[in-house]
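Examination of the molecular architecture
Spelled out, the chains give:
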Amino acid sequence: MDVYRSLAAILASSSSPASSPTSLIAFQLSAAPIEQKPALSRILAELLHSQSTPDPDAQKILHDYIRTLVSTVSLEDVSADFKLAVELADEELLVQILDETVEDVGALLYKAKEVHVSSDDAFAVGSDKFLDSYLGGTAAESEGKKLDRGDIQDTAVRQLRFWHFLFIVERGRAQATNEELYRRIASVLPARLLASMALRDLNIAKAASNALCCFVNDFHQFLPAGSSEMLWDGISRLVNAEVHVDLALALWLRWIAATSENAKPTQEILAQDKYWASIQKCLATGFSERRKYSIHLLMTSISLIQEPINTRTFTFDPKKRGPITAAWNKFTTLIEITSLSTSPNQLRDATPDLKRLLDPSSYVPASWLVVLTSLGFQAGSGGVSRAFWDILVSLEKNRLARLFEGPEGRKLLQDVILPFCAYASNFVVGRSTPEKCEHGTQLATWVGRILGAGDKEMMKASARAILTWVDETEDNLFAPARAWILKGLLEGVEGQAVFDEVDDLRLLFRIAKMQRFTKMKVDVCVAIVLRLLLAVDVKKVGVKEFWNSLAEISFKKEYLLSEKYMVALLEQFGPWLVEREQFFTVTEMAFGLKNEKDSPPRVDMLKAVLVLYWLSCDEQLSPDHFPGRAMWIKDLDKTRVSFWTVLLGNRQLFHRVANIFGGLTVLPRLLSSYTGSEVDLANLLELWPAELLESEEPENALDKSVLPRIFQSRWVRLLDSKDEKFEQKEGQERAYCAAVCASSVKFLRDDVFERIRVEDILGMINAFDLPKLGRNKHDNIEMTSTAGRFIGAMLSLLDRAIVASKEELDTPTVSKILLALPRLMRFLENESLLGALAIIRSVATTAPQQLLECQKLQGGNLDSLILQLWETVDAATLRSDFIKAYLGFIETIFHPVVVSEAVENEELRDAISTITNEIMKLGNGRRSIKPAIAKAIRQAFLHTSEYPNIIGRSKWLIDTAIDLILWSTNPKDLDMSVEHPLTVLFDDVAPGIDHYHEYYGDHEIFSQVYVFDMLARMDERDHDQAEFAKVLREKLFLPWTENYMGMSVWTAWKKHSHLQTLVLLERFVEADDAREFLDLVINKALCNEPHPRFRFLFEWIISLCILRYPEHRNCIWPHLQYPENQNPKLQVSLLRVALMVSRNLSPHLREEYFTELVYTAVPLTSNTKVVVRHQAIAMQLELWEDASHFGFSTLTKNPLFDRVHKAVLTSSYYKEFKNAKDFRTFDGVGNYTLTSIFSGTYLCGGDEIEIIPTTAFSGLPENSGKNRHCRIPLGTIPTTTTASTTTPAKNPDHSGKVEYNRHDAAQLSAPIQTKSTSPTQPTPNKSLIIIASLLENGFNLGGLSRVSEIMGVQTLTLHSKAITKTSEFTSVSVHSESWLDIVEVPNSGITAYLREKRSEGYTAVGVEQTDRSVILGQGDWKFPEKTVLLLGTEKFGIPAELLGELDVCVEIPQRGITRSMNVQTAAAVVLYEIVKQRMGK
């Protein structure tokens, strides 16, 4: 500017008469190129400022140029032009620009007010009231304004951004230079900027917001009175409407920072509930930046409060400012943890603070805690959500009530918590406990606790909220989640009359009708809903509504109405309904259709069924209370037949109601005068239980001629229509006529088939004219259904005739039967398909030779027929009853006769093999299928002596057997895995029925049980069975020979059932193969196997094989005595094998072998490999005990053996053995039972696996087949007693227990090499305890266990002892936990444990960096004699609440830059210091 000022002075001194310097510069400015204009404009501005005489023309040119800068500036970069404009503009021009801005913004606001609300130019939130209140409308400002939409927008944005830039530049000097201007700005601009922030156009709203934020921040002192209310009105409109919320928050932050009286929030505004509700809303929505703003707003607003506030959302008492502010500080800290830092560990550490905030006495209102909880579940970290769920589950009832009693809490439940809980991934089922789903049980319990947390009104509101959410999610909700939520609802409302509105009943009805899932999942929800009806307040909802709902919910689910439930219904409502007035209402509702000609709707008849059952149970009722009884007994027309059909939907209800009408006499009386449709008659006879007609008592004698007459009349009618062409109407009558015949046969004796033979029924089937399908899909469906119904009925008759026929079927008849089925394939479905399969089985059972002859003579190609039927079964998967079709097919293709023929017939074998593989694939996602296959194979094996070796000769079944053996649950298929726990839930809701068996049959584990039982029954002397077992064993064992050194402990293909099968099949190893087999097991499989459970099974297999072939007993010595490549794990295993073998060898071989074992094991007690040394030491007690028992005095007198034995007895190592229940090495021979193999304790611990209980084998049906008894005893799990603490047991025989001991667990990783020699007497620090319960990392804890044991620590505490079984722990601990006293102290119990130890004289010392920590090695401070040492978490150290429990903290001196040390390393340093101090020094 100095240059321009000098130039201006020169021009001012010019004496040119033509023109003044200002006019010259002004003229030049108007004509100069754009790049020269900035310099010229600055010169002109200086001239005008320095001269005393104004030059209006020059000033106008300068103003026009400045306006051009403002109006044409590029919106991409405004800084240069705006900087020049602000530098050049004088107050007069700024006033003019202000007026223009007011006019242009006013035009925008007017246009926004007038256009349609959906327009881009409109307000995003209603602004009429704001405009009227603070601008008096906008019409006057916009008069004559004729700008198109684009010009108005761009011009307004430039103007607003200019003012924003001006406010930034003038920040701090406005008071001194332009006070009048800023007062004028403050009077006209803020209201318009606030209004502009509500426009839908984001560019305008952002420009207005920036300008207003800057003005309020730096020039708030110029704002007029009432500005605070205006600002709050504008901000609250945007926040509540969720429009440009972040812009509103930016303004809000500057507003609450204002200090002038006119601008800052008033106490009246702070006392508004809307103020705090708006902060709460901002906190609950948006991303992390918005939450940071909201937290600052909250705490700053609290600091501004001077007067008491008591609103629904916020309360504050200035007299208690300290504790209230502290509570809010805790609240904001928790917000930061959950939504900003998202640290689950921090959240768990802050659990006490959260619980204090949830306490009823807390100063933070519940609605804010709802926001906190919502943010916790919506955090980006799944760990935070899970941690919050764990906290909610642990809350006491009073805290739950506080959180969920209000509408915000119920909305939280619906929108956040229930959706989180219902995620399918939460419902994980463990392999070892497939009947339990911890999350489901936890969810149900928690929902029940919520309902019971508050008063009855809260219970009603919460129950209604949960039901509404379940209803709104419809079938999108994971079905098991719905069941557990409803179960929790049931637990919460049971015994209470909670549902007192008709809408509640409608909700229950809609939930019960959600049926997109499998039958069991639907039924369990319906059963729970029925139980929930017991919580209905009948007096309020009305009798009619209640009974209608009960009938509609149980419609087509009558079988769920157990007698126990009906009695509960009677006990709940009977005393009230028995009142005469109410009773007549119920009976009239149920029996009000007696005068109608047509059959009443099924749901109305169900109402009658329910009332009749109730009447039959209620002994309080006199005959006068049953006005409809005589009518119902007398009128037995077609309506009554339909009534009995409905009633038969539930056998329990049927038997009780039938007693009202005479029990055994009901059916004959119904049939004697029946004139109704064949449909109702067929349905009635199909459902009526045959046993109800079986009675030998004279008074119950029936008219025996009724049913034969019905059968005969319908059979004659069928014969008359035998040759008729198919017509739909007549075809339906014929189909139902056939159905009546098929259903009535079960009530007749077999002699009926002496008159109606197989050939007659077969002729009827062959003569049936199949319908000709056309293009009309609807007609085709009807015709197919009609034909299928007729065929199904006739096939049922044919099956009964085949079974009941006293004459053996000849080959031509069997051939005709088989040839008749292919023609019917197109129409086989449902029952007709099952009937076709049943016929094949019946023919195979009654005429096996004839069936095989047909196959040989091609008089009925069985393989082709089976393939055609399979295609039909496969198509049946589209129907709900497809499982029945699969199971029927499995029974058919694995029928002993069919399997026997498949052995010889390659085409049939290929067909069955292909279909079996497809069925096995289908079984991966469906229950019942694989157990059914295994059961069918076992039944074929156990068949009569006519087919003794069909399975042994069926090598093509080996792959199927392997698939069944290797069965395991698929953890990813949550929908299937959770079905078993759901059936347990079903059992709890509706006791008295095994619902798993009811819906699925055998448990999936029976896929293995049936195969294992069959293998256990195979005879090793039978050539075919031995060959089958050999091929099976080789296929199972082959992958294990590929083991390699360093392979992972956990390998997906490895299954324990692999090796359990090899244990079963070891007895099939032949003498010629034994040496090779042992070599492979030892040098390929066991040598490189890292998993302790699999190593144990290989040890068992080796010992059994050596005992059967003792000539190979010395094969293990080379690996123990002079190994070429030392393998510690292999040596440990072979030591155990040698001990197992030595105990069971024949007496003439035992002493030599046992002596060799002792001479091998004793030197190994000083082996450099720790696992070998520990195993050898542990065996010394057993070896000495066995030597004494067997009388091997040469060994017991051996000085070295005696010395080692005494060293063990006097060492601390002995404590593990003398206190153990059973310390002896496993006995492979004595434990060779099904129980030990499949449910021994070696299966416990480590990774989770399925265990087959003993009852699974003991409950299997036996068979009378020749030579099929089980060759491996069942066995039992014995009850063990504690071993003697003074002397070894005299009997060396093993107790039978299979131990999965700590030595095995220690081998989950490579051994740690040490250079120790013989066992020595350790000297533990008797008074040193380490608390490591805060640590979670298994590696750190394993290392800490190791260093603690080495340093002689007395006790080590862990949060859970289970962690000592993990591979992470044992890979570092190298068995140190065996010699260390480990105590389980959960995190929640640390405080109590510290206090207990301090009361015993211990000093509590923490390892933590604090401002008062003692630096180790400096000064005279010493660790007290009795010290309990507390270690902090790996990441956050010792929590604040525990620091207060400590007597002193110690800190390790550091010299480097890093400020932290690994926890086990830190512990080692501290322990070394303690030992050094106690050793003197």
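Structure: see above.
To start, this report covers the structure provided alongside it. (Residues numbered from 1 in each chain as written. Predicted model: local features only at pLDDT ≥ 70, side-chain atom pairs only at ≥ 80, totals over all residues. Heavy atoms only, no water.)

Of the regular secondary structure elements, the chain holds 75 helices and 9 strands. Put simply, the chain has 1481 residues, and 56% of those count as buried. Sequence-distant contacts in the chain: of pairs separated by 6 or more residues, those separated by 24 or more amount to 78%. Split by element, the accessible area of the chain, about 64000 Å² in all, is 50% carbon and sulfur. (Helix = DSSP H or I, 4+ residues; strand = E, 2+ residues; numbered from the N terminus. Buried < 20%, exposed > 50% of the residue type's maximum accessible area, 1.4 Å probe, protein only. Contact = heavy atoms within 4.5 Å. Areas by Shrake-Rupley, 256 points an atom, 1.4 Å probe, with all protein chains shown as cover.)

Residues W252, W276 and F331 are the most contacted members of the largest nonpolar core, which totals 441 residues. The greatest single-element share of this core, amounting to 12 residues, is contributed by helix α43 (residues 777–804). If we skip the residues at most four places from it in the chain, F331 touches L283, L298, L357, V364, W368, L369 and L372. Membership of the second largest hydrophobic core comes to 30 residues, among which are L1328, L1358, L1429 and L1431. (Core = buried A, V, L, I, M, F, W, Y, C linked by side-chain atoms within 4.5 Å.)

A positive phi angle is found at E242, which is not glycine, with a value near 55 degrees. The residue E242 is located in the loop between α12 (227–241) and α13 (245–257) in this model. With a phi close to 65 degrees, K556 is a non-glycine residue in the positive phi region. A residue is classified by how much of its surface remains accessible, and K556, at 55% relative accessible area, is exposed.

This paragraph deals with the pairing of strand β9 (residues 1448–1451). The alternating pattern of β9 places V1448 and V1450 and C1449 and E1451 on opposite faces, both of which are buried. In terms of strand pairing, strand β6 (residues 1403–1407) meets β9 through 3 bridges, oriented parallel. The partner of G1406 across the bridge, within β9, is C1449. Of the strand pairs in this sheet, strand β7 (residues 1414–1415) and β9 are connected by 2 bridges, and their pairing is parallel. (Pairing = 2+ DSSP bridges.)

On to the pattern of salt bridges, then. For side chains bearing opposite charge, pairing can occur when the charged atoms are close. In the structure shown here, the tally under the stated rule is 55 salt bridges. A salt bridge links K60 to D64, with the shortest nitrogen-to-oxygen separation between them at 3.1 Å. Here K60 pairs with D64, and both are found in helix α4 (residues 56–72), just 4 residues apart, close to one helical turn. Relative accessible area serves as the criterion here: at 52%, K60 is assigned to the exposed category. Measuring nitrogen to oxygen at the nearest pair gives 3.5 Å for the salt bridge that ties D769 to K772. We classify D769 as buried; its relative accessible area is 16%. Here the salt bridges do not stand alone but share partners, grouping E457, K460, R464, D500, E501, D504 and K540 into one network. (Salt bridge = Lys/Arg side-chain N within 4 Å of Asp/Glu carboxyl O.)

Our focus in this paragraph is the packing of α12 against helix α15 (residues 273–284). Contact geometry for α12 and α15: axes closest at 10 Å, N-to-C directions at 40 degrees. Between α12 and α15, the crossing angle belongs to the class labelled oblique. Seen along the crossing, α12 lies across α15 with a hand that is left-handed. For the pair formed by α12 and α15, the contact residues are W232, S236, V239 and N240 on the first element and K274, Y275, S278, K281 and C282 on the second. (Axes fitted to C-alpha atoms, helices over the stretch in contact; angles between N-to-C directions. Parallel < 35°, antiparallel > 145°, perpendicular 65-115°, else oblique. Left-handed = near helix turned anticlockwise from the far one by under 90°.)

Throughout the structure, instances matching the rule amount to 52 aromatic pairs. Joined through ring pairs, the aromatic side chains of W232, W252, W255, Y275, W276, F314, F316, W328, F331 and W368 make up one cluster. Across the ring face of F827, the terminal group of R826 is positioned such that the distance to the ring centre comes to 5.9 Å. A cation over a ring is seen here: R1033 above F1077, with NZ or CZ 5.6 Å from the ring centre. (Phe/Tyr/Trp six-rings, centres within 6.5 Å; stacked < 30°, edge-to-face > 60°. Lys NZ or Arg CZ within 6 Å of the ring centre and 35° of its normal.)

Here L653 shows up in helix α36 (residues 651–660). A relative accessible area of 1% places L653 in the buried class. Through-space distance from the C-alpha of L653 to that of E563 is 6.8 Å; in sequence the pair is 90 residues apart. When neighbours within four sequence positions are excluded, L653 is seen to be in contact with L561, M566, V609, Y613 and L647.

Let us now look at helix α19 (residues 351–358). Where α19 is concerned, the buried positions are T351, D353, L354, L357 and L358. Summarising the axial view, the buried residues of α19 lie within an arc of 160 degrees, below the 170-degree limit, and thus occupy one face. Where α19 is buried, its residues contact α17 (321–341), α18 (344–349), α20 (366–378), α21 (382–394) and α22 (397–404). (Arc of directions from axis to C-beta.)

As paired strands, strand β4 (residues 1353–1358) and strand β5 (residues 1381–1384) are joined by 4 bridges and run parallel to one another. When the sheet's bridge partners are listed, L1356 is paired in β5 with I1382. Each parallel crossover has a hand, and for β4 linked through helix α72 (residues 1367–1373) to β5 it is right-handed. (Right-handed = clockwise from strand over helix to strand, strands pointing away.)

Where like charges cluster on the molecular surface, the negative patch consists of D720, D723, E724, E727, E730 and E733. Among the structural elements, E727 can be located in the loop between α39 (706–720) and α40 (728–744). Judged by its relative accessible area of 47%, E727 is partly exposed. (Patch = residues over 30% accessible without salt bridge, like charges linked within 9 Å, V, L, I, M, F, W, Y side chains within 5 Å. Lys, Arg positive; Asp, Glu negative; His and termini not counted. Charge placed at Lys NZ, Arg CZ, Asp CG, Glu CD.)

Let us look at the state of the cysteines. Under the definition given, this model contains 0 disulfides. Looking at the unpaired C1115, the closest cysteine sulfur is the one in C1105, lying at 8.4 Å. The exposure class of C1115 is buried, given its relative accessible area of 11%. (Disulfide = S-S within 2.5 Å.)

Our next topic: the environment of V1208. By the secondary structure assignment, V1208 is in helix α66 (residues 1199–1209). Measuring from C-alpha to C-alpha, the distance between V1208 and I1177 comes to 7.1 Å, with 31 residues separating the pair along the chain.

Geometry only, nothing functional implied.
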